[in-house]
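Survey of secondary and tertiary structure
Take a look at the letters that make up each chain.
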Amino acid sequence: MKNILSPIKKRLVHTFSNGSEGVPQWQLDLAKGDDLGYHLPGSAVWAVHGSMSPIVAGIRTLLMQSLHPGALAGVHEHSNFREDPLGRLANTIRWIFTVTYGSTEAAENASRRVRRLHEAVQGSYSDNLGTQRGYSANDPELASWIHLAFTDAFLTAHKIWGGAIPGGPDAYVREWAQAGRLMGVEDPPLSEAEMHRQLDRWYQSGELRVDSRVAETVEFIRNPPLNRVLRPGYRILFAGAVYSLEPRYRQMLGLTVPRLGPVTLPVRLATKLVLGVVRLALGRRGPSELAARERLRRLGVPGADA
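Treat the numbers as computed from the prediction; the structure is a model and nothing was measured.

**Side note on helix 5 (residues 69-78)**
In an α-helix, one turn spans 3.6 residues, which is why side chains three or four residues apart end up on the same side. With seven of 10 residues buried, helix 5 lies mostly within the body of the structure. Where helix 5 is buried, its residues meet helix 4 (53-65), strand 1 (122-126), strand 2 (132-136), helix 8 (140-161) and helix 11 (212-222).

Laid out in structure tokens, this is it:
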């Protein structure tokens, strides 16, 4: 089995680490630090981010975030996502896992680094009424939408394809609110119900929209420049991300769950099988979690080896 999955593992590691053949140094550095960090083994955040469901959640997050014209303008006008999508992916993974598994200092430094990069991401866009509005990646309101789309995607994907969440969904939303604060979100939701209320306010505000730029972005997300070994599995994962969207957002994005005539294809099961293959290829614990456990063992945390 290991030999069969070896090519898949190689391409997955290459994709997630932007070309690195081994474990990136930043992951090894998560073993450093003299404090416990914001999240510990047994937390809701470790349960969700340590599963395979974030792979689907990441796709869903990008689809949702594209609905805000300010967020999309920042991506199109200030990033090289078309030329270097894997670099963008690797940087996002680095921030998520550093906040999840790193020391408090590492998490705060990583967040400051991202916010410094965001300082230059400013501009303007025309809203749905034709009014010119300014945007800034560090604006608390825009950061709130990014945080909501992320939290909703990761929680929803895990509820469908992951295991139990210690403390339940509310615990994940409450714990991951710290990541929102680190990124300048002023009022991150602390429960699943509050998260949905905030999302409803965004939907009802009329600020979200779909246009040609969104359509272009969705098409890029649907067909990213992946290695041919990974493309069949990714098509299923993309379908899973679409399946996990609320119908109102699927409709906005012009996406549908794949069907064969009147019959909906078994996307949920197919996605579960693909994630299972990824888990077998990569192993139960990733380098970031292993490095964090090494730090926690050094600090004498009970259960660091559990």
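Still more to cover.
**A short note on helix 4**
Between the first and last C-alpha of helix 4 there are 18 Å, a value that for 13 residues agrees with the 18 Å anticipated at 1.5 Å per step. Of all the residues in helix 4, the buried ones are Ser-53, Pro-54, Val-56, Ala-57, Ile-59, Arg-60, Thr-61, Leu-63, Met-64 and Gln-65.

**What about the nonpolar core?**
Side chains of a nonpolar character, in soluble globular proteins, are inclined to be buried together. Formed by 59 residues in total, the largest nonpolar core has its most connected members in Leu-63, Trp-95, Tyr-172 and Trp-176. For this core, the element with the highest residue contribution is helix 8, accounting for 10 residues. Among all residues touching Tyr-172, those that are not within four sequence positions of it are Ala-44, Val-45, Val-48, His-49, Phe-150, Thr-151, Phe-154, Leu-155 and Ile-165. Judged by nonpolar contacts, the second largest core, of 11 residues, contains Ala-31, Trp-46, Leu-296 and Val-301.

**Some points on the UniProt feature "domain: ER-bound oxygenase mpaB/mpaB'/Rubber oxygenase catalytic" (unreviewed entry) in the protein**
Here the UniProt-annotated "domain: ER-bound oxygenase mpaB/mpaB'/Rubber oxygenase catalytic" (unreviewed entry) positions come out as residues 46-259. In residues 46-259, helix accounts for 66% and strand for 5%; the two terminal C-alpha atoms are 35 Å from one another.

**Topic: the environment of Gly-233**
Positionally, Gly-233 belongs in helix 12 (residues 231-244). Its relative accessible area of 22% is what places Gly-233 among the partly exposed residues. Taking the C-alpha atoms as reference points, Gly-233 and Pro-7, separated by 226 residues in sequence, lie 13 Å from one another.

**Here we look at the pairing of strand 1**
As a general feature of sheets, a regular strand has side chains that alternate between the two faces. In this structure, strand 1 lies alongside strand 2, joined through five bridges in antiparallel fashion. Within strand 2, the residue paired with Gln-122 across the bridge is Ser-136. The turn linking strand 1 back onto strand 2 is made up of five residues, and Gly-130 within it adopts a positive phi angle of 85 degrees.

**Overview of the side chain of Arg-209**
Residue placement: Arg-209 occurs in the loop between helix 10 (192-205) and helix 11. Of the polar contacts made by the side chain of Arg-209, one reaches the backbone oxygen of Ser-126; its length is 2.6 Å. There is a polar contact of 3.3 Å between the side chain of Arg-209 and the side chain of Asn-128. Leave out the neighbours within four places in its chain, and Arg-209 touches Ser-66, Leu-67, Pro-69, Ser-126, Asp-127, Asn-128, Val-214 and Met-252.

**Considering the pattern of salt bridges**
Taken as a whole, this structure holds 14 salt bridges when the rule is applied. Here Arg-248 ties to Asp-200 by a salt bridge, and the two come within 2.6 Å at their closest N and O atoms. Taken together, the residues span a long stretch of sequence, with Arg-248 in helix 13 (residues 247-253) and Asp-200 in helix 10 at a distance of 48 residues. On the accessibility criterion, Asp-200 (27% relative accessible area) is partly exposed. A network of salt bridges, in which partner residues are shared, links Glu-194, Arg-197 and Arg-201.

**Overview of the packing of helix 4 against helix 12**
At a minimum axis separation of 8 Å, helix 4 and helix 12 run at an interaxial angle of 60 degrees. Here helix 4 is positioned oblique relative to helix 12, judged by the angle of their axes. For the pair helix 4 and helix 12, the sense of crossing is right-handed. On helix 12, the residues that touch Ile-55, Val-56, Ile-59, Arg-60 and Leu-63 of helix 4 are Tyr-234, Leu-237, Phe-238, Gly-240, Ala-241, Val-242 and Ser-244. Its residues assigned to classes, the contact of helix 4 with helix 12 comprises nine nonpolar, two polar and one charged.

**What to know about a negative patch on the surface**
On the surface, a cluster of negative charge is made up of Asp-139, Glu-141, Glu-186 and Asp-187. For Glu-186, the position within the fold is in the loop between helix 9 (169-182) and helix 10. Given a relative accessible area of 68%, Glu-186 falls into the exposed group.

**Some words on the packing of aromatic side chains**
Across all of its chains, the model carries nine aromatic pairs by this definition. When the centroid spacing of 5.7 Å and the interplanar angle of 70 degrees are considered together, the rings of Phe-97 and Tyr-101 count as edge-to-face. Of the two residues, Phe-97 and Tyr-101 both sit in helix 6 (residues 85-101), four residues apart, roughly one turn of that helix. The exposure class assigned to Tyr-101 is buried, which follows from its relative accessible area of 2%. Taken together, the ring pairs connect Trp-95, Phe-150, Phe-154 and Trp-176 into an aromatic cluster.

Cut-offs used in this document
- Residues numbered from 1 in each chain as written.
- Predicted model: local features only at pLDDT ≥ 70, side-chain atom pairs only at ≥ 80, totals over all residues.
- Heavy atoms only, no water.
- Buried < 20%, exposed > 50% of the residue type's maximum accessible area, 1.4 Å probe, protein only.
- Helix = DSSP H or I, 4+ residues; strand = E, 2+ residues; numbered from the N terminus.
- Contact = heavy atoms within 4.5 Å.
- Expected span 1.5 Å × (residues − 1).
- Core = buried A, V, L, I, M, F, W, Y, C linked by side-chain atoms within 4.5 Å.
- UniProt positions renumbered as here; feature names shortened; annotations may be inferred.
- Pairing = 2+ DSSP bridges.
- Polar contact = N/O pair within 3.5 Å; in protein donor to acceptor, adjacent residues only side chain to side chain.
- Salt bridge = Lys/Arg side-chain N within 4 Å of Asp/Glu carboxyl O.
- Axes fitted to C-alpha atoms, helices over the stretch in contact; angles between N-to-C directions.
- Parallel < 35°, antiparallel > 145°, perpendicular 65-115°, else oblique.
- Left-handed = near helix turned anticlockwise from the far one by under 90°.
- Nonpolar A, V, L, I, M, F, W, Y, C, P; charged D, E, K, R; others polar.
- Patch = residues over 30% accessible without salt bridge, like charges linked within 9 Å, V, L, I, M, F, W, Y side chains within 5 Å.
- Areas by Shrake-Rupley, 256 points an atom, 1.4 Å probe, with all protein chains shown as cover.
- Lys, Arg positive; Asp, Glu negative; His and termini not counted.
- Charge placed at Lys NZ, Arg CZ, Asp CG, Glu CD.
- Phe/Tyr/Trp six-rings, centres within 6.5 Å; stacked < 30°, edge-to-face > 60°.

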